[in-house]
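Below are the chains, spelled out letter by letter.
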Amino acid sequence: MERTRQLLRDLVAINSVNPSLVPGAPGEAEAAACLAACLRESGLDVTETDVAPGRPNVVGVLEGAQPGPTLLLCGHLDTVGVEGMDDPFTPIERDGRLYGRGTQDMKSGLAACVGAARLLAAEGLAKGRVLVAGVVDEEYGSLGADALVRDWRADGAVITEPTDLSVGVAHKGFAWLELQTYGKAAHGSRPEEGRDAILAMGRVLGVLERFDQELRARPTHPLLGSGSLHASTIAGGTEASIYPAHCRLFMERRTLPGEDGARALHEVEQMLAVLRKNDPEFRADVRLVVERPGYDLDPAAELPQQLMVAGKARGLEARISGMSYWTDAAIFGAAGIPTVIFGPRGAGLHGPIEYVELASVDECAYTLAALARQFLG
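Residues numbered from 1 in each chain as written. Predicted model: local features only at pLDDT ≥ 70, side-chain atom pairs only at ≥ 80, totals over all residues. Heavy atoms only, no water.

Thoughts on the overall build of the protein
Note the following rule: Secondary structure elements follow DSSP: runs of H or I no shorter than four residues count as helices, runs of E no shorter than two count as strands, and numbering proceeds from the N terminus. Based on C-alpha atoms, the radius of gyration is set beside the globule rule, defined as 2.2 Å times the residue count to the power 0.38. In this scheme, a residue with accessible area under 20% of its type's maximum is buried, one over 50% is exposed, and one in between is partly exposed, where area comes from a 1.4 Å probe on protein chains only. Contacts were defined at the residue level, with two residues in contact if any of their heavy atoms lie within 4.5 Å. Calculation of accessible area relied on Shrake-Rupley with a 1.4 Å probe; when residues are assessed, cover is drawn exclusively from the protein chains displayed. In this tally Asp and Glu are treated as negative and Lys and Arg as positive; neither His nor the chain ends contributes. Lys charges are placed at NZ, Arg charges at CZ, Asp charges at CG and Glu charges at CD.
Helices and strands together make up the secondary structure of the protein, namely nine helices and 17 strands. Taken over the C-alpha trace, the protein has a radius of gyration of 23 Å; the compact-globule value for 377 residues is 21 Å, and the two agree within 12%. Seen through its principal axes, the protein has C-alpha atoms that stretch 80 × 40 × 40 Å. Across the 377 residues in the protein, those meeting the buried criterion constitute 54%. Contacts spanning at least 24 positions in sequence make up 78% of the contacts within the protein whose residues lie at least 6 apart. Of the accessible surface of the protein, which amounts to about 16,000 Å², a share of 51% is contributed by carbon and sulfur atoms. The protein carries 36 positive and 51 negative side-chain charges, and their two centres are separated by 3 Å.

Focus: the packing of helix 1 (residues 2–12) against helix 2 (residues 29–41)
Worth spelling out the cut-off: A fitted line through C-alpha atoms serves as each axis, taken over the contacting stretch for helices, and the angle formed by two N-to-C directions is quoted from 0 to 180°. For classification, angles of less than 35 degrees are called roughly parallel, those exceeding 145 degrees roughly antiparallel, those between 65 and 115 degrees roughly perpendicular, and all remaining angles oblique. Each crossing gets its handedness from the near helix: less than a right angle anticlockwise from the far helix is left-handed, clockwise is right-handed.
Where helix 1 contacts helix 2, the two axes come as close as 10 Å, and the packing angle between them is 165°. The angle between helix 1 and helix 2 places the two elements in the roughly antiparallel class. Where helix 1 crosses over helix 2, the handedness of that crossing is right-handed. Note on element contacts: helix 2 touches helix 1 through Ala 31, Cys 34, Cys 38 and Glu 41, opposite Arg 3, Leu 7, Asp 10 and Leu 11.

Topic: the environment of Ser 360
Operational definition: Here a polar contact means two N or O atoms within 3.5 Å. Within protein one must be a hydrogen donor candidate and the other an acceptor candidate, and residues neighboring in sequence count only if both atoms are side-chain atoms.
Looking at where Ser 360 falls in the secondary structure, it is placed in helix 9 (residues 358–375). Assessed through its relative accessible area of 1%, Ser 360 is described here as buried. C-alpha of Ser 360 to C-alpha of Arg 97: the two residues are 263 residues apart in sequence and 9.7 Å apart in space. Sequence-distant contacts of Ser 360, defined by excluding residues within four places in its chain, comprise Leu 165, Pro 344 and Arg 345. Within the structure, the side chain of Ser 360 is placed 2.6 Å from the backbone oxygen of Glu 357, a separation counted as a polar contact.

As for the pattern of salt bridges
Operational definition: Here, a salt bridge means any side-chain nitrogen of Lys or Arg that lies within 4 Å of a carboxyl oxygen of Asp or Glu.
The final tally for this structure, using the stated rule, is 25 salt bridges. Residue Asp 137 pairs with Arg 55 through a salt bridge whose shortest N-O separation is 3.5 Å. Of this pair, Asp 137 sits in the loop between strand 6 (127–135) and helix 4 (143–151) while Arg 55 sits in strand 2 (residues 55–63), and the two are 82 residues apart along the sequence. Its relative accessible area of 1% is what places Asp 137 among the buried residues. Taking the shortest distance from any N to any O, the salt bridge between Arg 216 and Asp 212 comes out at 3.0 Å.

Quick word on the sheet that holds strand 12 (residues 283–292)
Filter applied, for reference: Two strands make a pair as long as DSSP finds a minimum of two bridges between them.
Read from one edge to the other, the open sheet built from four strands follows the order 10-11-9-12, with strand pairing classed as antiparallel. The open sheet has two free edges, formed respectively by strand 10 (228–236) and strand 12, since each of these has just one partner strand. Recorded for the sheet is a direction-independent mean angle of 20° between the axes of neighbouring strands. Where strand 10 and strand 11 (residues 246–255) come together, eight bridges link them in antiparallel fashion. Each bridged residue has a counterpart across the sheet, and for Leu 229 the counterpart in strand 11 is Arg 253. Lying on the sheet, helix 6 (residues 261–278) is in contact with strand 9 (173–182), strand 11 and strand 12; it crosses strand 12 at an angle near 170°.

Digging into the pairing of strand 9
Here strand 9 lies mainly inside the structure; eight of its 10 residues are buried. Here 10 bridges tie strand 9 to strand 11, and the two strands are oriented antiparallel to one another. The partner of Tyr 182 across the bridge, within strand 11, is His 246.

Examining the environment of Asp 146
Along the chain, Asp 146 turns up in helix 4. Residue Asp 146 is classed as partly exposed on the basis of its relative accessible area, which comes to 29%. Linking Asp 146 and Val 274, residues 128 residues apart in sequence, is a C-alpha distance of 38 Å. Setting aside anything within four residues of it in sequence, one finds Asp 146 in contact with Gly 141 and Ile 331.

Without other data, these values stay purely geometric and don't point to any function.
The following block contains the structure:
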């Protein structure tokens, strides 16, 4: 597994911050080149396809001796930004952990995919094929996953997001909404001429807080718990002595499988309608900015059960779990590919101190290889 660990170090040392999140960031090209070179060196046939200018998906193919099922092992190449981090692209190993941006999310999982493929290539596949994919843009718009399911087919997939080596079969979705309240600008000394858009937004915030409490009190998903919402950013006003004519709020609604952006939008529109009814001068609107669906797979399905067996054979607890965060599994599932989420242990997801436990990267790779042997028959 030392070669797998070295690939992880090499990937962490590359700045692959998503340029859609941080304008001017370099994106995934250098990380994609590193991954492609390692896959070729491991004996896989490699295809690189630009999803957006300078942002390539990488797919390595390991063919078996006979036709059979296809198993996809997938991770994303991009990371979030590095604000608040010290030396984020210098991988530092300490006490069995590797620190740096992307160690947990999710260059360790991507390295484990390559490690598994290297093990399988060394022994040879009797039948079927394994795809190892590194995709772009998961942290923003999932352009890479959308392109991958258009261009490639698989009978099952594993996304190696961090799960602490549990078998993830479900995750939440989300909807981002933009709310705006409107007032009337006037000098602060003339309240009869002005109307305060920020105070109007305060009423909206109170209603949203009560609705979040209602969401958390509803019947829950057995693995994911309840839906939720929070206010993300807010802005309004121009200066201290002027009534603010405008206030803008971004909010996030975390959704359960079966809920979607249209539902989240309708919920907020109903709240605004009540506020308008109570105050005819209240003016506000809301729009859906982006949405991503939740995902769930029957835990009794073949793929998660085979992964449970593979994990237990390695001495892992291999429990079934649901993930609070969103993943590309929803895109694969919508394309008809049964998908599970399974990745190493670590902490600091999107935080200033991020790390992965290196032994868990090894275990992830060994377990993925064992799964492939079962899945491909």
